[in-house]
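Below are the chains, spelled out letter by letter.
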Amino acid sequence: MLTLNQIKPDWPAPSNVTAYTSCRLGGLSQSPFDSFNIAQHVGDDPDVVDQNRCLLPNSENFIWLNQTHSNICLNFDSNKFDSEVPQGDACFTSHRKQVCAVMTADCLPILLCDIQGNCVAAVHAGWRGLANGIIENTVAKMPVNTKNLIAWLGPAISQKYFEIGNEVKETFSEFPEAFQLNRQSNADKYFADLYLISKQKLNSLGVSEVFGGDYCTYQQQDLFFSHRRSTHQATKKGNSTAKTGRMVSAIYIN
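Points about the nonpolar core
Stage number 1. Among the nonpolar cores identified, the biggest contains 64 residues, and Trp11, Phe76, Ile110, Leu112, Phe179, Leu202 and Ile251 are the most heavily contacted of them.
Stage number 2. Sequence-distant contacts of Leu112, that is, excluding residues within four places in its chain, are made with Trp11, Cys119, Val120, Ala121, Val123, Thr138, Met142, Ile150, Ala151, Leu202 and Ile251.
Stage number 3. Counting residues in hydrophobic clusters, the runner-up holds 15 residues, among them Ala39, Val99, Val248 and Tyr252.

So this is what it looks like as structure tokens:
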């Protein structure tokens, strides 16, 4: 469901849980970060990014992560991060109002909560994070019965536009159905389905209720930033580096 400049998950979360993904429009950033960029590490004006962040619901209770495609999941209930940007690619909390959030621009954001509304989590799941076990580590650390968890797969690059090499395919040898051979390429290239890999990983961990997975950050340029799309556009213009903003996927207990 699309409302204002946010996408809200269509899932049976408890009424005391708020979750959303920001869209790329409605902010103050100038091109190529136009306009609702919430990332400080991409070269945008830091003051403008701060202003964009202040527009987010419950903005005063965010803890922003330094995401490195790791399998690090942080417990926000037992750690204090008052003067540092913690390194991690997932986080969870049982405290009211504390926001769990991850930034993406093609990687898959996954939001989790238990059906009682007692614990929530956010996961940054690019292919490297998936290979490193970020989903497994997050689910294992959350202090709830796995069978009581539900998950929402937020906006990510779809299989049609996510071309990878054979080395990535071999990393996920247990998910052969998530890869399609690119018959238009002379190289050994495939199209990978992050949504399918993540859903099957969650299912194997006992999370049977998995929702979402119906957006494409690359294709839906009016809604989302896409690092791969920006890379392709830069290459066509003869540039070596791509610049683009980031969305945020956030969840918290009211």
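Thoughts on the pattern of salt bridges
Stage number 1. Within the structure shown, the criterion is met by two salt bridges.
Stage number 2. One salt bridge connects Asp34 with Arg24, and the closest N-O pair in it is separated by 3.6 Å. Taken as a pair, Asp34 in the loop between β3 (17-22) and α1 (46-54) and Arg24 in the loop between β3 and α1 lie far apart in primary sequence, 10 residues in all.
Stage number 3. For Arg24, a relative accessible area of 10% puts it in the buried group.
Stage number 4. For Glu136, the salt bridge is made with Lys201, and the minimal N-O distance between the two is 2.7 Å. Here the residue Glu136 occupies a position in helix α3 (residues 134-141), and Lys201 occupies one in helix α5 (residues 194-204), the gap between them amounting to 65 residues.

Some remarks on unusual backbone geometry
Stage number 1. A cis amide bond, omega 5°, links Ser31 with the succeeding residue Pro32.
Stage number 2. Mapped onto the elements, Pro32 comes out in the loop between β3 and α1.
Stage number 3. Each neighbour pair has its own omega, and for Asp34 with Ser35 the value is -5°, a cis peptide bond.
Stage number 4. The topology assignment puts Ser35 in the loop between β3 and α1.
Stage number 5. Phi is positive for Lys97, which is not a glycine, with a value near 75°.

Details of the sheet that holds strand β5 (residues 90-93)
Stage number 1. Taken in spatial order, the six strands make up an open sheet running β4-β5-β8-β7-β9-β13, and their pairing is mixed. Each edge of the sheet is formed by a strand with only one pairing partner; in this case those strands are β4 (73-75) and β13 (209-212). Averaged over all neighbouring strand pairs, the angle between strand axes comes to 20°, with direction disregarded.
Stage number 2. With four bridges joining them, β5 and strand β8 (residues 120-125) adopt antiparallel strand pairing. Bridging across to β8, Phe92 finds its partner in Ala121.
Stage number 3. Against the sheet, α3 makes contact with β4, β5, β7 (108-114), β8 and β9 (149-153), and its axis sits at roughly 170° relative to β8, the strand it touches most.

Criteria and thresholds
- Residues numbered from 1 in each chain as written.
- Predicted model: local features only at pLDDT ≥ 70, side-chain atom pairs only at ≥ 80, totals over all residues.
- Heavy atoms only, no water.
- Core = buried A, V, L, I, M, F, W, Y, C linked by side-chain atoms within 4.5 Å.
- Buried < 20%, exposed > 50% of the residue type's maximum accessible area, 1.4 Å probe, protein only.
- Contact = heavy atoms within 4.5 Å.
- Salt bridge = Lys/Arg side-chain N within 4 Å of Asp/Glu carboxyl O.
- Helix = DSSP H or I, 4+ residues; strand = E, 2+ residues; numbered from the N terminus.
- Pairing = 2+ DSSP bridges.
- Axes fitted to C-alpha atoms, helices over the stretch in contact; angles between N-to-C directions.

All we've got here are geometric facts, nothing functional implied.
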